[in-house]
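Below, each chain spelled out in residue letters.
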Amino acid sequence: MNVKCILCEKIESIDDDTLIAKRLKNRPIHTYMCDECHDRITKKALDRLAARSAETQPEDE
Ligand SMILES: [Zn+2]
């Protein structure tokens, strides 16, 4: 099946037998994110987390 990334709107073809395909079929509203965007989001989240912990923790390690 074809899925569209919610962030970059890139169309990707995924295997119907994969877990994500089944999930999308059951709940089409459950939108798809391509690996590229997923990585970017994850990295951003991790960066934010790191920035926050740097603020709250003393830097004498
Ligand atoms: Zn994307």
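Analysis parameters
Residues numbered from 1 in each chain as written. Predicted model: local features only at pLDDT ≥ 70, side-chain atom pairs only at ≥ 80, totals over all residues. Helix = DSSP H or I, 4+ residues; strand = E, 2+ residues; numbered from the N terminus. Rg over C-alpha atoms; globule rule 2.2 N^0.38 Å. Buried ≥ 20, exposed ≤ 12 C-beta atoms within 10 Å, placed from the backbone. Contact = placed C-beta atoms within 7 Å.

Named according to an unreviewed UniProt entry, the chain is DUF2197 domain-containing protein originating from Heyndrickxia camelliae.

**A closer look at the overall build of the chain**
Helix and strand content of the chain: 2 helices and 2 strands. In summary, the chain has a C-alpha radius of gyration of 17 Å against a globular reference of 10 Å for 61 residues, an excess of more than 25%. C-alpha extents for the chain along the principal axes are approximately 50 × 20 × 20 Å. For the chain, the proportion of its 61 residues judged to be buried stands at 2%. Within the chain, contacts between residues at least 6 apart in sequence are counted, and of these 45% link residues at least 24 apart.

**Observations regarding the environment of Ile 20**
You can see Ile 20 is positioned in helix α1 (residues 19-26). For the pair Ile 20 and Pro 58, spaced 38 residues apart in the sequence, the C-alpha separation amounts to 41 Å.

**Describing unusual backbone geometry**
Phi is positive for Glu 9, which is not a glycine, with a value near 60°. Owing to 9 C-beta atoms within 10 Å, Glu 9 belongs among the exposed residues under this scheme.

**Observations regarding the environment of Lys 10**
Residue position: Lys 10 is located in the loop between β1 (2-4) and β2 (11-13). Counting along the chain gives 23 residues from Lys 10 to Met 33, while the straight-line C-alpha distance between them is 9.1 Å. Ignoring anything within four residues of it in the chain, the contact list for Lys 10 reads Cys 5 and Cys 34.

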